[in-house]
Amino acid sequence: MAGTGGPQFFGPVSGSQFAIGNRDVVQHQYITGGEPVPQLADTMRALLTGLERLGLSPEGEGTVRQDAEAILDEVANGQPDEGRLRVLVSRIRNALSVIAVGAVTGAAAGAGSGAAELARSMLVDLQRALP
């Protein structure tokens, strides 16, 4: 790569972000140290406590409940699988996002402003617990 004027790497690169040839760049990187944040279990318990107030369909509520319980089981494990946690948290985030956005726009059937506020609060807690 000599003489290209660009970056040159002479060894392995890991956990880094690069922006080359861009004028304005915004990057975010979250490093969790390989272990889920203990706050995740508290967030899941709070979610399970308020689940009925979210106005989800029975199927949606059941799915979120199963995912939250699976997260609690995984966190209780001595060596939780962070990849599995991220998948489960992502599914819960998707369900909560629909409520948070839908209630604001009036599109979520059965979900009022209380449900939207609870969903937004849970989304913030999830972001803090497992970015």
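Residues numbered from 1 in each chain as written. Predicted model: local features only at pLDDT ≥ 70, side-chain atom pairs only at ≥ 80, totals over all residues. Heavy atoms only, no water.

## Points about the overall build of the protein chain
Secondary structure assignment for the protein chain yields four helices and zero strands. Along the protein chain, helices and strands appear, N-terminal first, in the series α-α-α-α. A burial count over the protein chain gives 30% of its 131 residues as buried. For the protein chain, the exposed surface amounts to about 8,300 Å²; the carbon and sulfur share of it is 51%. (Helix = DSSP H or I, 4+ residues; strand = E, 2+ residues; numbered from the N terminus. Buried < 20%, exposed > 50% of the residue type's maximum accessible area, 1.4 Å probe, protein only. Areas by Shrake-Rupley, 256 points an atom, 1.4 Å probe, with all protein chains shown as cover.)

## A few points about the environment of Leu 118
Topologically, Leu 118 is positioned in helix H4 (residues 113–129). Remark: the alpha-carbon pair of Leu 118 and Gly 50, spanning 68 residues in sequence, is separated by 7.9 Å. Apart from residues no more than four positions distant in its own chain, Leu 118 is found in contact with Gly 50, Arg 53 and Leu 54. (Contact = heavy atoms within 4.5 Å.)

## So, the pattern of salt bridges
Throughout the structure, instances matching the rule amount to six salt bridges. A salt bridge links Arg 65 to Glu 61; the shortest N-O distance between them is 3.3 Å. Taken together, the residues Arg 65 and Glu 61, both in helix H2 (residues 58–76) and four residues apart, mark about one turn of the helix. Glu 61 gets classed as buried once you look at its relative accessible area, which sits at 19%. (Salt bridge = Lys/Arg side-chain N within 4 Å of Asp/Glu carboxyl O.)

## A few points about the nonpolar core
Counting residues in each nonpolar core, the largest one holds 26 residues, and the members touching the most others are Leu 40, Met 44, Leu 47, Leu 54, Ile 71, Ile 92 and Leu 96. Broken down by element, this core gets its largest block of residues, eight residues, from helix H3 (residues 82–105). The contact partners of Leu 47, leaving out residues within four places of it in the chain, are Leu 54, Val 64, Ala 68, Ile 92, Leu 96 and Met 122. (Core = buried A, V, L, I, M, F, W, Y, C linked by side-chain atoms within 4.5 Å.)

## Points about the side chain of Glu 74
Among the structural elements, Glu 74 can be located in helix H2. Contact partners of Glu 74, with chain neighbours within four places excluded, come to Gln 79, Pro 80, Asp 81, Arg 84 and Leu 85.

## Some details on the confidence of the model for the protein chain
Across the protein chain, the average pLDDT comes to 76, with 63% of residues at or above 70. Element-level pLDDT for the protein chain is lowest in H4, with a mean of 80, against a maximum mean of 93 in H2. (pLDDT = per-residue confidence, 0-100.)

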